[in-house]
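Close look at the chain arrangement
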Amino acid sequence: MASAALENLKATELRLGLPGVEDDSPAPATPRGSKRGIADNKEEEAKTVTAAPAAKAQVVGWPPVRSYRKSCFQQQSKSKPAAEAPAPEKEEAAEAPPPVAGSGSLYVKVSMDGAPYLRKIDLKMYKGYRELREALEAMFLSCFSSGSGDAAAVNPADFAVTYEDKDGDLMLVGDVPFQMFMSTCKRLRIMKGSEARGLGSSSKE
Amino acid sequence: MSEEDEDQAAPPKRPRASPSPPPDQVLDNVLETVLQFLAAPRDRGAASLVCRSWHRAESATRVTVAVRNILAASPARAARRFPNAHHILLKGRPRFADFNLLPPGWAGSAFRPWAAAFASAAFPALRSLSLKRITVTDADLDLLARSLPASFRELSLLLCDGFSSRGLASIASHCRGLRVLDVVDCEMNEEEDDEVSDWVAAFPGGHTHLESLSFECFTPQVPFAALEALVARSPRLHRLGVNQHVSLGQLRRLMALTPRLTHLGTGSFRPGDGVEDQGLDFGQILTAFTSAGRPNTLVSLSGFRDLAPEYLPAIAVVSANLTSLDLSYAPVTPDQILPFIGQCCSLETLWVLDSVRDEGLEAVAMYCKKLQVLRVLPLDALEDAEELVSEVGLTAISEGCRGLRSILYFCQRMTNAAVITMSQNCPELKVFRLCIMGRHQPDHVTGEPMDEGFGAIVRNCSKLTRLSTSGRLTDRAFEYIGKYGKSLRTLSVAFAGDSDLALQHILQGCSKLEKLEIRDCPFGDAGLLSGMHHFYHMRFVWMSGCNLTLQGCKEVARQLPRMVVELINSQPENQRPDGVDILYMYRSLEGPREDVPPFVKIL
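Here is a short report on the structure shown in this document. (Residues numbered from 1 in each chain as written. Chains lettered and ligands numbered in written order. Predicted model: local features only at pLDDT ≥ 70, side-chain atom pairs only at ≥ 80, totals over all residues. Heavy atoms only, no water.)

1. Details of the pairing of strand 13 (residues 406-411) of chain B
All names here are of chain B. Burial analysis of strand 13 places 6 of its 6 residues in the buried class, which makes it a mostly covered element. Both faces of strand 13 are covered, namely the face carrying S406, L408 and F410 and the face carrying I407, Y409 and C411. Both strand 12 (residues 373-377) and strand 13 contribute to a ladder of 4 bridges, which runs parallel. In the strand pairing of strand 13, V376 is matched with Y409. You can see the chain leave strand 12, run along helix 15 (residues 391-400) and come back into strand 13, and the turn it takes is right-handed. Summarising the sheet, strand 13 and strand 14 (residues 431-436) pair through 6 bridges and their orientation is parallel. Across the sheet, the residue bridging to C411 is I436, located in strand 14. (Buried < 20%, exposed > 50% of the residue type's maximum accessible area, 1.4 Å probe, protein only. Helix = DSSP H or I, 4+ residues; strand = E, 2+ residues; numbered from the N terminus. Pairing = 2+ DSSP bridges. Right-handed = clockwise from strand over helix to strand, strands pointing away.)

Dropping the structure here:
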């Protein structure tokens, strides 16, 4: 497969990836992802990878280790140097991470109006707002559809994603550069569009 | 029970027709009395197939009912047949769901009818409930808590999800006489910090009957005062597993309150900031473990969720008595394991991370001669992570631990020679799960596929019932598996094989196969259809990322009406028109389920 076509494929596919690994498109924790395409093009991919040599594309569910275990050691390595700190200096760390996951993770709670319970996500899994929004949609839409079986009742466009920042203010997601957002976001809240009016000026895609 | 015991329990001969009280009735009573001694599930199953009166007697006397696929039988059916059930085990999702291969919400309400059945006293003698990989809601737990019979005493949730601290609080407050509450590896719902229920304080006042309490997977902090008070008033408590928020100082206080501990989940194993940790030093922890070990009851340690390595040597004083040690959340290095592994002469089960390296495994091999179960899990679960353990460790283990029965070994690369050596040194192996994390990796010394290694395992380990393969494998490996894996019941295959022939070898060779999990192999309809004769003997078949088509799966569904054939779509945007993403099929007495999410199609 030509390099350019590969890049296009990679641009549109969603895969699981560990935080801090630059070249991959880290995917949300939903079981989507290309499987066979990656396996077939292993050698080519290794050459086109531009980040640290360790950054190989990861496949969903492989190696077969429960995600709780995988995330355990990322969090442990985070706790060793300093207590908490989302660590704004790590914005640059995404470029050349050591093979061992030393960049830690950034878990925030996510609530949604009308959803029965909260979720927790790792902001470092997402390269930008688009991936984040897709992940949230997948996460919460499935929660609705599994209950009523009536997926049409929930329209993603009705909802606005907001977040609570370090000062406790409620802000509309998408106004600031993503890296800045990651360092100030304390938790996410998905609310009905009507309630979010007046929070921000920019319109979302 | 062994097969010898079954021979001795042979029934008396049926007398010729006579006018005395109905011989059936007398014989049923005798049968029931005799069958009470039959415990092993397979023996029970066999006994129930002998004839109608045996079936009746066995059903009336079965106290342990295991529904290993919750979708295979309805609670009404189970209650009709086994009204005397004391212990019920229900299993839900297929195992590959643990690795995010199954979209969430696949069978979110499978437990609901069971909860309703329990609540309406369908199983009046119910004492214990074990749920594995099942979605259980707070409402379900609340219903159970309020309506289970007074005899109910044990609840065990393993790899479950869907509930929160509220559900636990219901159980704690309403289940009087609860003896066991084990919440293990569950993915509980997130809650707002100020909404987390203090379920530990919800237990009624006064002495409890608690014997086992395990909440290592509970993510929020449990108020320590309430926990300490609960442990203090639970005189029978001997199994305690606390979560990672419990500090070493707090653990020490809890240990002082449980004089006859058998199983301890140690929480963080690191000093904290609280009052319980003021002035904490190694000597105090050593004393705590010395006291805990004095009655020689402590046999199992786990936890170590945020290990402060300088405190680890304290467990040396109890090591001699330990049969089970779980260090799989602690990145222990070889230097850190050496101080106490030398004393672990009774160890039968060991779970470690590959951070112990080959040297650590060599030490295990040298000292843990009674080892039966070993798991070496990856610190860094990546395909190209640093190689910490290798064929050297595997070979050492095989040479030192000849009685090994079960191994799960993650590594980056492996050699056929090491696997062959293990097959020769460890003839007692029942479970062999090798996970070479690099997909399609061949023997890194010879460059050959791993066929010969896995072939040797199935050939030499005649007791093998479970096998997981990895690395580069051709159809030949599966030829071996089909030819020699006659005792195999569970087989997991990933990124292996060259053609449908491999699947054919499996399905036509492994006559005892019950559970088959396959992902990302070049197997198509022809391979699948070659197993038609056998599928009814199987509990389930999972095939994802293979080359199956709708037509092939429809053919299976057509020929096998009692198989529920589910096509699960985890990638809606990549869907080929007649391609199959995930095939999950299982036999069921109830037919296709009604509550089906939009990404599932049942043929």
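Still to come is the rest of the account.
2. Some thoughts on the state of the cysteines
Under the counting rule described, the total for this entry stands at 0 disulfides over all chains. Just so you know, C510(B) is unpaired, no disulfide at all, and the nearest cysteine sulfur is the one on C521(B), 14 Å from it. (Disulfide = S-S within 2.5 Å.)

3. Structural notes on the environment of Q372(B)
Residues and elements named next belong to chain B. Checked against the element boundaries, Q372 lands in the loop between helix 14 (357-367) and strand 12. Distance from Q372 to S570, taken between C-alpha atoms, is 38 Å for residues 198 residues apart in sequence. With near-sequence residues (within four places) excluded, Q372 lies in contact with E348, G403, L404, R405 and S406. (Contact = heavy atoms within 4.5 Å.)

4. Some points on the nonpolar core
Of all hydrophobic cores here, the largest spans 182 residues; its most connected members are F111(B), W199(B), F432(B) and F535(B). Once residues lying within four places of it in the same chain are set aside, the contact partners of W199(B) are S165(B), L168(B), A169(B), A172(B), L181(B), L213(B), F215(B), F218(B) and V222(B). Counting residues in hydrophobic clusters, the runner-up holds 24 residues, among them I121(A), L136(A), V173(A) and F178(A). (Core = buried A, V, L, I, M, F, W, Y, C linked by side-chain atoms within 4.5 Å.)

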